[in-house]
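# Coordinate inspection notes
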Amino acid sequence: MTAVNNKPDTTAEFVAWFRSVAPYIHTFRGKVFVIGFSGEMITDAKFVNFIHDINLLASLGVRLVLVHGARPQIQLRLDESQLETQTVMGMRVTDPAALQCVKESVGRVQHEIAALLSMGLPNSPMANAAIRVTSGNFVTACPYGIIQGVDLMHTGKVRKINAQAIHSRLEQGDVVLISPLGYSPTGEIFNLTMENVATETAIALRAEKLILLLDTVDCTASAENKAGKLPRELTIAESKLLLEHKIPTPTPRVPDTLLPALQSATKACEMGVTRAHLVSRHCDGAILQELFTHHGIGTMITQESLQALRKAKIEDVGGILQLIAPLETEGILVRRGRELLEIEIDRFTVFEHDGIILGCAALYPFPEEHACELACLAIHPDYRDQGHGERLLKHIENKTVAQGIRKLFVLTTHATHWFIEHGFSAATTAELPKTKQNLYNYQRRSKVLIKHLGD
C-alpha cells in the first residue's frame, strides 16, 4: 500500500490510495487513541507536521488523548537555575526546588502544544480545524517512595485516572491534552513520566490504541536489518519473551533504550488496550503511515496473533475474488465467478492477516479414486516469499490425509518449479481421476503434478 504521506503519481494512483484508506477511516471513527510523545519531539522542527496529523485524525472522528513529556525542557530549566538533581535507577529525584522547575517547564510546554492545536491558518492543514483542547486534573498520583535508600520526594507514579471525566470531554469532541504531572488528595504535585501517564490513561479508558512515539531513529526490524530492532508484530506472549530475554537465538536482543516503551505497550495490551504501537518520531507522517497502511512502519503489540489460517466463510467471497482477480487476468488461475465461488466456498481455506485475506487455497476430493486436487493456491504479492504458501500447502496436505487419502494433485501453468520443490512430481493426464480427465482443458495445457503424501 502506498504510504499516505507520499503524493500519488497519477490520478489513478490517488484514487486507489484514497480507496485503500477508507476501511481504516470507518474502523477508527469514534475510537479512543492515546498518543504519547516526548519533550524531545516537541523541540523537533517536524513537530508542526505532527500537529497537522493530529488535526487530520480528529477530523476523521478519532477521539484523541495526547500525553506529552518534558524531560529536556525540565533539564534546561534546572540548568538555568543551577540546580543539580540526583538520579536513581533512571528516575530523577524531585525535591521542592526541582519541582518548581518541573511545574514551570511543563506548564510552558502544555501551552505551546495547545497554541499549535489552536492554529487555523488559511491554506494550511489546520484551516477550519477549530480543535478544542481541554486539560485538567485527570491524574491522581502518589509518591514513588524510597529506592535504594533514597527518597524520590515529589517524583511519583499514577494512582488513578479520572476516566469518566476524560470520556466526557471526548464525547464533546475535545482533544484531551494531559501533562506528566499528577495531584494527590492532599494537594501535593508529583513529577511523572510520560510513559507511565500514557499507559495508565490508555488502560483506564480501555482505549483502542496506545501509540508511543519513540526518540529512536529506527526501532523496527526490516528483512535486511534485524540487529537491535523490534519485530513488526508481537503478541503479548512474544513481547514478554523478548523482555525476559527468553528468545530463540536468531532473534536479536531488544536494546535497553527500547525496553521501557516495550514494557509499557505490553502492559497496556495485557490490561485491555486493543493494540499498542511503537513508532519512531523521526519519520515525517509516522503516525499516519503506521495507522493507514497495512504494513505500518513501527511495531504493533496485540493480544492475539493477527494471522490466522482458517476455513473460508461466505463473507470471504469478496476478499477471495479481489485476491485472485489479477491472477485470473494473467491466465495463471482459471476464472471463477462469484456464484461459483459462493457454491464452492466450503472447499476453500484462507490465510488472513488483521482481517484482510492475503492467501487462499481450495481442496477438491475425488474419493472414488482416492485422490484430492489442490486448486486456486494464491498469495498476495506483498506477502510472497514469507512461508505463507508453504503453510497453506501443508494445511491442504493435512486435510487430504485426514480424509484417508494420500494422493494430492495440482494443475498449474506457471508454478511448476515451486510445486516440484515442495515434493510434487511431473505426471500425465492419464494419472488424473477419470472425471478430472474429462474436464481437462487442452487449450491451457496445464502441467499435471502429483504428490504422494506420507511417502
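Residues numbered from 1 in each chain as written. Predicted model: local features only at pLDDT ≥ 70, side-chain atom pairs only at ≥ 80, totals over all residues. Heavy atoms only, no water.

### Observations concerning the overall build of the protein
Heads up, the condition is: Helix numbering and strand numbering both begin at the N terminus, where a helix is a DSSP run of H or I of at least 4 residues and a strand a DSSP run of E of at least 2. When a residue's accessible area, from a 1.4 Å probe over protein chains only, is under 20% of the maximum for its type it is buried; when over 50% it is exposed; and in between it is partly exposed. Whether two residues touch is decided by their heavy atoms; if any such pair falls within 4.5 Å, the residues are in contact. The method behind every accessible area is Shrake-Rupley, applied with a 1.4 Å probe, and residues are considered shielded solely by the protein chains displayed. A residue counts as positive if it is Lys or Arg and as negative if it is Asp or Glu; His and the chain ends are not included. The atoms used to mark charge sites are NZ of Lys, CZ of Arg, CG of Asp and CD of Glu.
The number of helices and strands found in the protein is 15 helices and 23 strands. Residue burial in the protein is summarised as follows: out of 455 residues, 47% are buried. When contacts within the protein are restricted to residue pairs at least 6 apart in sequence, those whose partners lie at least 24 apart make up 70%. For the protein, the exposed area adds up to about 22700 Å²; of that, 51% sits on carbon and sulfur atoms. For the protein, the distance from the average position of its 46 positive side-chain charges to the average position of its 49 negative side-chain charges is 4 Å.

### As for the environment of T11
Residue placement: T11 occurs in helix 1 (residues 11-28). For the pair T11 and L374, spaced 363 residues apart in sequence, the C-alpha to C-alpha distance is 39 Å.

### Here's the deal with the pairing of strand 16 (residues 299-302)
Put simply, the rule is: At least two bridges found by DSSP between two strands is the condition for calling them paired.
Burial along strand 16 is two-sided: the face carrying T299 and I301 and the face carrying M300 and T302 are both buried. Taken together, the three bridges between strand 14 (residues 233-235) and strand 16 define a ladder with parallel strand orientation. Note on strand 16: the bridge partner recorded for T235 is T302. Judged from the four bridges that link them, strand 15 (residues 275-280) and strand 16 form a sheet pairing that is antiparallel. Directly across from L278, in strand 16, lies its bridge partner T299.

### So, the layout of surface pockets
What counts here: Grid spacing is 1 Å over the protein atoms alone, the probe is 1.4 Å, and a cavity is where that probe fits but cannot get out, while a pocket is an open set with protein on both sides within 12 Å along at least five of seven lines and lining residues have an atom within 4 Å of a point. Grid points are joined across faces, edges and corners, and a volume is the space filled by probe spheres set on the points. Gly falls in the polar group here, along with every residue not listed as nonpolar (Ala, Val, Leu, Ile, Met, Phe, Trp, Tyr, Cys, Pro) or charged (Asp, Glu, Lys, Arg).
The volume enclosed by the second largest pocket comes to roughly 1100 Å³. For the lining of the second largest pocket, the secondary structure elements donating two or more residues are strand 19 (356-366), strand 20 (371-379), helix 13 (388-402), strand 21 (407-412), helix 14 (416-421) and helix 15 (434-439). Here the lining of the second largest pocket is composed, by residue class, of 21 nonpolar, nine polar and nine charged.

### A word on empty space enclosed by the protein
The final tally for this structure, using the stated rule, is one cavity of 30 Å³ or more. Within this model, the largest cavity holds a volume of roughly 100 Å³. Forming the walls of the largest cavity are 14 residues, and the residues nearest its centre are M41, F50, R281, C283 and G285. Looking at which element gives the most residues to the lining of the largest cavity, the answer is helix 3 (residues 47-59), with four residues. By residue class, the composition of the lining of the largest cavity is seven nonpolar, two polar and five charged.

### Considerations on helix 9 (residues 259-270)
So the rule is basically this: To estimate how far a helix should extend, the number of its residues minus one is multiplied by 1.5 Å.
For helix 9, with 12 residues, the first-to-last C-alpha span of 16 Å sits near the 16 Å given by 1.5 Å per residue. For helix 9, the full list of buried residues reads L259, A261, L262, S264, A265, T266, A268 and C269. Buried residues along helix 9 sit against helix 7 (194-205), strand 13 (209-214), strand 14, helix 8 (236-243), strand 15 and strand 16.

### What about the confidence of the model for the protein?
Selection criterion: Confidence scores here are pLDDT values: one per residue, from the predictor, ranging 0 to 100.
Taken as a whole, the protein shows an average pLDDT of 88; of its residues, 91% reach a score of 70 or greater. Below pLDDT 50 for its whole length, residues 1-6 participates in 18 contacts with residues either more than four positions away or in separate chains. Predicted confidence is poor over residues 221-225, with pLDDT under 50, and the contacts of this stretch with residues over four places away or in other chains come to four contacts.

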